[in-house]
Amino acid sequence: MKVENLIKPDKTLLGVGPMSLNCVKAASEVSNKFKFPLMLIASRRQIDSAENGGGYVNNWNTKEYSNFVKSLDKKKQIILARDHGGPWQNNIEIKKKYNLRQAMESAKKSFEEDILNNFEIIHIDTSIGNNNKTVSVKNSLSRFYELFEHCNIFAKKNKKKIYFEIGTEEQSGTTNTPEELNYTLQKIFSFCKKKKFEKPLFVVIQSGTKVVEMRNIGSFESPLRIENELPVEIQLPKMIEICKKNKIYMKEHNGDYLSNKSLSLHPKLGIHAANVAPEFGVVETRGLVEILKKNKQTKFLEEFYEISYNSKKWKKWLVPNSKTNKIEKAIISGHYVFSDEKFVILNDKITNYFSKKNINLNKYLQKCVEKSILRYAKNFNLVK
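Residues numbered from 1 in each chain as written. Predicted model: local features only at pLDDT ≥ 70, side-chain atom pairs only at ≥ 80, totals over all residues. Heavy atoms only, no water.

1. Examining the nonpolar core
So, point 1. Judged by nonpolar contacts, the single largest core of 62 residues is most densely connected at Leu 40, Tyr 65 and Ile 373.
So, point 2. Not counting residues up to four positions away in its chain, the partners in contact with Leu 40 are Val 16, Pro 18, Val 24, Ala 27, Tyr 65, Val 69, Ile 78, Ile 79, Leu 80 and Ala 81.
So, point 3. The next biggest cluster of nonpolar side chains, apart from the first, holds 36 residues, and it includes Cys 151, Leu 181, Phe 197 and Ile 205. (Core = buried A, V, L, I, M, F, W, Y, C linked by side-chain atoms within 4.5 Å. Buried < 20%, exposed > 50% of the residue type's maximum accessible area, 1.4 Å probe, protein only. Contact = heavy atoms within 4.5 Å.)

2. What to know about the environment of Tyr 98
So, point 1. As for its placement among the helices and strands, Tyr 98 is situated in the loop between helix H3 (91–95) and helix H4 (100–116).
So, point 2. A C-alpha to C-alpha distance of 28 Å links Tyr 98 and Pro 200, two positions 102 residues apart in sequence.
So, point 3. Every residue in contact with Tyr 98, bar those within four places of it in the chain, is listed here: Trp 88, Ile 92, Glu 93, Ala 103, Ser 106 and Asn 130. (Helix = DSSP H or I, 4+ residues; strand = E, 2+ residues; numbered from the N terminus.)

3. Some words on the pattern of salt bridges
So, point 1. A full pass over the atoms with the stated rule returns 14 salt bridges.
So, point 2. With a shortest N-O distance of 2.6 Å, Glu 93 and Arg 44 are connected by a salt bridge. A residue pair is termed long-range when its members are at least 10 positions apart, and Glu 93 in helix H3 and Arg 44 in the loop between strand S2 (38–42) and helix H2 (62–72) qualify at 49 residues. Taken individually, Glu 93 and Arg 44 each receive the classification buried, so the pair is uniform in this respect. (Salt bridge = Lys/Arg side-chain N within 4 Å of Asp/Glu carboxyl O.)

Remember that the coordinates give geometry; whether it matters functionally is a separate question.
Next comes the structure, spelled out in C-alpha cells:
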C-alpha cells in the first residue's frame, strides 16, 4: 500500500507501540477485523537487529518480528515503522559506551535490517548524544543528513520504497513554535533538493502531550491556559498550516492516556498521525493484575510485583518527588519484564493455572489491549 494515500483529512492514522507479543497480536487482530491501516512503531530498545542483540519485546530481532507480523497480517493492514532510530537509541550502544562513529555505524546497520525486512516508515532521531547529553541543532542535523543519505542509497540499491519521519521527542508537554518548525523543514528540504531525495513524509511536532507514570500531563489535556503559550486549538492549526504549505504530514508522539474528548479532537484539528505506546503495555499489565486478584492468586501476584519492581524500568517514567507506591511502579514497568527469564517461568505457572480453569490467559490479555486500541481507532475516525 502507498503510505501517503492512507492520510485522510477526516482521520488520524494510529501508530501502536509493539509493547509485547500480546500487543502485536492485538494490533494485527483489530486492524484486520475492522479493516483499517495501523502502524506498528518499534523503538530500537523494543526490536533491533540480531547483530544489535534484538530487543526486550519477546526477545525478537528485526527479521523474526517482521516475519511474525507478516504471518498475522492476512489483510495487509499493518505498516511496519521504526520509531526513534538513530545513534544511542539502543541499550548496547549506551552500555558499551560507543563513540559517535561507532554509534552512527550501529544505527546504519540497524536501518539496513529495517529496510531489508520490509519496514516502510523510518523515523530518524539524532537528538540523543553520548551519555544522554543534549545535542546541538547543528550536530543533530549533520548526523541526520548522514543517516538519511545512507538509508536512501541503501533502499534504492535494494529496490525498497521507504518513507521517512523527521523530528525528535523532547516530551516537553508544550507545543513547538512556528519558527522552530520552519527552520527544521527548510534545512532538511534544502538537503533533499541538493541530493535529489524525496522529502520526508512526516515531521514530529510537539502538540502538548507528555507521558509520565500512568497519565498524560501535557497542555493538550489541560483545561487551563499555560503562561506564554497559545492554547493547543490555536497553536496546532498554525503548525499544521506550515506542514500543509511544505507538503509534509504532522505526527504527534505520546498520545497515551488522553481522554476521548481530546482524542476526538485530533481529526478535527487535522493531526495526520499519532503514536501511542506505554499505555498499551500498562493495559496488559493491569489485565494480568486484575485477573490474578479476581482469582485470589496472591502468591503469583506478589511474585510478579517483585520481578517488575526490581527491574527498575519504572524509573524513567516518574515525576520528581513522585508519590507512586511499589505496586504502581510494578504496573508501570510490567511490560518490560514479559520476556524476562524469571517472569517467563512464573508466567508458565500462571498460564497453566488458568488453563485448568478453561481460561486462555493470553487471549484474555490480548482482548484487553484490543479494547484499548479500538478506543483510539474510534476516536480517530478509523472505525465507525
